[in-house]
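Reading the structure
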Amino acid sequence: MHGWVKLLALALGGLVLAGLALVFLMRSYLTPTRGARIPAYAHPSRALLVVDIQEDYTGPEARKPYRDGARILEASNRLLAQAEARKMPVAYVQNVVDNPLIRRLIGNVNAPGQPGTAMDRRLKRLAGAPTFPKKRPDAFSNPDLDAFLRQNQVDEVVIVGLDAAYCINATIQGALNRGYRVTVVPEGIATESRKPVASYLEHWRRAGAN
């Protein structure tokens, strides 16, 4: 009997350690990044960031479809057309999850190299506008995005995409942490969380976004 108790204790201890490791992993994964503050530009510009509007979420054969996918696709294409006319810098942000554990936790989507990971084929693509893959919710976890914005003397980012509870929220905070001004377009934001988009808008307004 004593041996079984010992084995049970070891098993429970292993489960606790595994749980703690998972909590640490997810906390690190979700935490917005920090970086150097942007300088004051003589001739600042604004840029449009289109975040995670991908086949797995909004495409016709989406594996994890968003109920507001059509709405944010329409809003994003409208903003992309305006950005093209005004010669605004544009960046597409693509969620690519190479960690199999995290990928399982988020619904087995966005695997590297899979068709569903591509940006929605119906999304307007502007010539010369780069796509920045990210492995974490915060788009600024890819330092190339920040470098692109600084190269174009951007001090304000206009953000559309999904999900308000995760990637949009983390990207907004990542931008604010670097001194960017942030404008969120409500009709271009979607979420599948229990909270409505309006509650996130109020949270971002209090954090300093427009």
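Residues numbered from 1 in each chain as written. Predicted model: local features only at pLDDT ≥ 70, side-chain atom pairs only at ≥ 80, totals over all residues. Heavy atoms only, no water.

1. Considering the environment of Arg 71
Filter applied, for reference: For the purposes of this entry, the term helix denotes a DSSP run of H or I that reaches at least four residues, the term strand denotes a run of E that reaches at least two, and both are numbered from the N terminus. Accessible area is worked out with a 1.4 Å probe on protein chains only. A residue is then buried under 20% of its type maximum, exposed over 50%, and partly exposed in between. Throughout, a residue-residue contact means that at least one pair of heavy atoms, one from each residue, lies within 4.5 Å.
The residue Arg 71 is located in helix H3 (residues 69-86) in this model. Here Arg 71 falls in the partly exposed class, since its relative accessible area comes to 30%. Placed 118 residues apart in sequence, Arg 71 and Ile 189 show a C-alpha to C-alpha distance of 8.7 Å. Setting aside anything within four residues of it in sequence, one finds Arg 71 in contact with Pro 186, Glu 187, Gly 188, Ile 189 and Ala 190.

2. Some words on the confidence of the model for the protein chain
Stated formally: pLDDT is a per-residue confidence score from the predictor, ranging from 0 to 100.
A residue-level look at the protein chain finds 86% of positions with pLDDT of 70 or above and a mean pLDDT of 90. This stretch, residues 20-25, has a pLDDT under 50; its non-local contacts, to residues over four places away or in other chains, come to five contacts.

3. Let's talk about the side chain of Asn 77
The condition is simple: Polar contact is the term for a pair of N or O atoms within 3.5 Å; when the atoms are in protein, one must be able to donate a hydrogen and the other to accept it, and sequence-neighboring residues count only if both atoms are side-chain atoms.
Structurally, the position occupied by Asn 77 is in helix H3. Separated by 3.2 Å, the side chain of Asn 77 and the backbone oxygen of Arg 122 make a polar contact. Discounting residues that sit within four places of it in the chain, Asn 77 has contacts with Arg 122, Leu 123 and Lys 124.

4. A word on the environment of Val 109
Structurally, Val 109 can be placed in the loop between helix H4 (100-105) and strand E3 (131-134). Remark: the alpha-carbon pair of Val 109 and Asn 95, spanning 14 residues in sequence, is separated by 9.3 Å. Not counting the four nearest positions on each side in its chain, Val 109 is found in contact with Asp 56, Tyr 57, Arg 63, Lys 64, Val 97 and Arg 103.

5. Remarks on the pairing of strand E5 (residues 181-190)
So the rule is basically this: One requirement defines pairing of two strands: DSSP has to find at least two bridges between them. Crossover handedness is defined by viewing with both strands directed away from the observer: a clockwise path from the first strand over the helix to the second marks the crossover as right-handed.
Where burial is concerned, most of E5 is hidden: seven out of the 10 residues are buried. Across six bridges, strand E4 (residues 154-162) lies against E5 in parallel orientation. Considered in E5, the bridge of Leu 162 is made with Ala 190. A crossover connection joins E4 to the parallel E5 through helix H6 (residues 167-177); in handedness this β-α-β unit is right-handed.

6. Some details on the nonpolar core
To keep it simple, the criterion reads: In these notes, a set of buried Ala, Val, Leu, Ile, Met, Phe, Trp, Tyr and Cys residues joined through side-chain atoms within 4.5 Å is what counts as a nonpolar core.
Residues Leu 149, Val 157, Ile 172, Val 182 and Trp 204 are the most contacted members of the largest nonpolar core, which totals 31 residues. Elements with a minimum of two residues in this core: strand E1 (45-51), strand E2 (90-95), helix H5 (143-151), E4, H6, E5 and helix H7 (197-207). The element that contributes the greatest number of residues to this core is H6, accounting for five residues. With 26 residues, the next largest nonpolar core counts Tyr 66, Leu 73, Tyr 92 and Val 158 among its residues.

7. A short note on the sheet that holds E5
Going by this rule: As a rule, the C-alpha atoms of each element are fitted with a line to give its axis, helices using only the stretch in contact, and angles between N-to-C directions run from 0 to 180 degrees.
Taken together, five strands build an open sheet; the order of strands is E3-E2-E1-E4-E5 and the sheet is parallel. Looking at strand neighbours, the two that pair on one side only are E3 and E5, the edges of this open sheet. Across this sheet, the average inter-strand angle for adjacent strands is 25°, counted without regard to direction. Contacts from H3 reach E1, E2, E4 and E5, with the element oriented near 135° to E5.

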